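Observations on chain architecture
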Amino acid sequence: MTLDSYAGDVHTVPQSENSMEERGGGELYVPPLNFAMVDNGIFRSGFPEPVSFSFLQSLRLRSIIYLCPEAYPEVNREFAKSNGIQVFQFGIERCKEPFVNIPDEVIREALQVLLDTENHPVLIHCKSGKHRTGCLVGCVRKIQRWCLSSIFDEYQRFAAAKARISDQRFMELFDISNLKHSPLNFSCSKKYNNTIDY
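Reference entry: report on the structure contained in this document. (Residues numbered from 1 in each chain as written. Predicted model: local features only at pLDDT ≥ 70, side-chain atom pairs only at ≥ 80, totals over all residues. Heavy atoms only, no water.)

**Observations concerning the environment of K127**
Tracing the chain through its elements places K127 in the loop between β7 (122–125) and α5 (131–143). Note: C-alpha distance between K127 and Y66 (61 residues apart in sequence) is 9.0 Å. (Helix = DSSP H or I, 4+ residues; strand = E, 2+ residues; numbered from the N terminus.)

**Focus: the environment of R44**
Its place among the elements puts R44 in strand β4 (residues 42–45). Linking R44 and I65, residues 21 residues apart in sequence, is a C-alpha distance of 9.3 Å. Side-chain polar atoms of R44 contact the backbone oxygen of G129, separated by 2.9 Å. (Polar contact = N/O pair within 3.5 Å; in protein donor to acceptor, adjacent residues only side chain to side chain.)

**Describing empty space enclosed by the protein**
In total, this model carries one cavity of 30 Å³ or more according to the counting rule given. Within this model, the largest cavity holds a volume of roughly 30 Å³. Taken together, R44, G134, V137, G138, I151, E154, Y155 and M171 form the lining of the largest cavity. Contributions of two or more residues to the lining of the largest cavity are made by α5 and α6 (148–159). (1 Å grid on protein atoms, 1.4 Å probe; cavity = no way out; pocket = protein on both sides within 12 Å on 5 of 7 lines; lining within 4 Å. Points joined across faces, edges and corners; volume = space filled by probe spheres on them.)

**Notes on helix α3 (residues 74–82)**
Every α-helical turn comprises 3.6 residues, leaving residues that sit three or four positions apart pointing alike. Listed as buried for α3 are N76, F79 and A80. Along the axis of α3, the buried residues cluster in a sector spanning 95°; they form a single face. Of the residues in α3, the exposed ones pointing more than 90 degrees away from the buried face are K81 and S82. Looking at the buried side of α3, the elements it contacts are α2 (53–58) and β6 (86–89). Positive phi shows up at G84, right after α3, with a value of about 65°. (Buried < 20%, exposed > 50% of the residue type's maximum accessible area, 1.4 Å probe, protein only. Arc of directions from axis to C-beta. Contact = heavy atoms within 4.5 Å.)

**Focus on the packing of helix α4 (residues 104–115) against α5**
Relative to each other, α4 and α5 sit at 65°, their axes nearing to 10 Å. In this structure, α4 meets α5 at a crossing whose hand is right-handed. Across the interface between the two elements, I107, A110, L111, L114 and L115 of α4 pack against L136, C139, V140 and I143 of α5. Split by residue class, the contact of α4 with α5 holds nine nonpolar, no polar and no charged. (Axes fitted to C-alpha atoms, helices over the stretch in contact; angles between N-to-C directions. Left-handed = near helix turned anticlockwise from the far one by under 90°. Nonpolar A, V, L, I, M, F, W, Y, C, P; charged D, E, K, R; others polar.)

**Observations concerning the packing of α5 against helix α7 (residues 165–173)**
It is the contact of α5 with α7, at a shortest axis distance of 9 Å, that shows an interaxial angle of 25°. In this view, α5 runs roughly parallel relative to α7, as classed from their interaxial angle. Both α5 and α7 take part in a crossing whose hand is right-handed. Of the residues in α7, those touching α5 at H131, G134, C135, G138, C139 and K142 are D167, F170, M171, E172 and L173. Across the contact of α5 with α7, the residue classes tally to five nonpolar, three polar and three charged. (Parallel < 35°, antiparallel > 145°, perpendicular 65-115°, else oblique.)

**Observations regarding the pairing of strand β5 (residues 63–66)**
What you see with β5 is no split at all: S63 and I65 on one side and I64 and Y66 on the other are buried throughout. For the crossover that starts at β5, traverses α3 and ends in the parallel β6, the hand is right-handed. The sheet contact formed by β5 and β7 spans four bridges and is parallel. Bridge assignment links Y66 to a residue of β7, and that residue is H125. (Right-handed = clockwise from strand over helix to strand, strands pointing away. Pairing = 2+ DSSP bridges.)

**Details of the sheet that holds β7**
An order of β3-β4-β7-β5-β6 is seen for the five strands of this open sheet, with the pairing classed as mixed. Whereas interior strands pair on both sides, the edge strands pair on one side only; in this sheet they are β3 (36–39) and β6. Pairs of neighbouring strands in the sheet enclose a mean axial angle of 25°, with direction left out of account. Relative to β7, β4 is paired through four bridges, and the arrangement is parallel. Bridge pairing in β7 links I42 to V122. Contacting β4, β5, β6 and β7, α4 crosses the sheet at an angle of about 165° to β5.

Quick look at the structure:
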């Protein structure tokens, strides 16, 4: 069985055993829920299930930033170990309360790992890839000097109807002035600028 998409609904479509060979073979890659590229070498998603491991292998990840307090499942630890991926865990509690903020110091620690290009390519994830991941990505966008409306727009695309005012307030008030990285030497932006011919 393979996944197929029609009108936004995902369902399984039975196929013959020979159908992969008839189309030229190859492996089916299934990205994790809410997967997206943040910047060169930085990806985000919801929690990766084993069905997504082949897809993640294709990214040649060096690191995973896991933003949940729960222990990383054994199958995920084994996948990371067998692929030489270092897992950094920053346990941020899941919080649905409107006036409880993401812990500033934990985001700063996660940013230090994320901004170190020696850890790239890196995948950032929490359970659904919405709130905790969205806050960390929003702080990266502040470092990249995105305007707040664009930061909130990106956050809301992933959080959808579950967007939280407290997360947006956290991103708005997050102070980047004491971070060592500037937007000019962040990720591969510098490399990209050096390859443009005018």
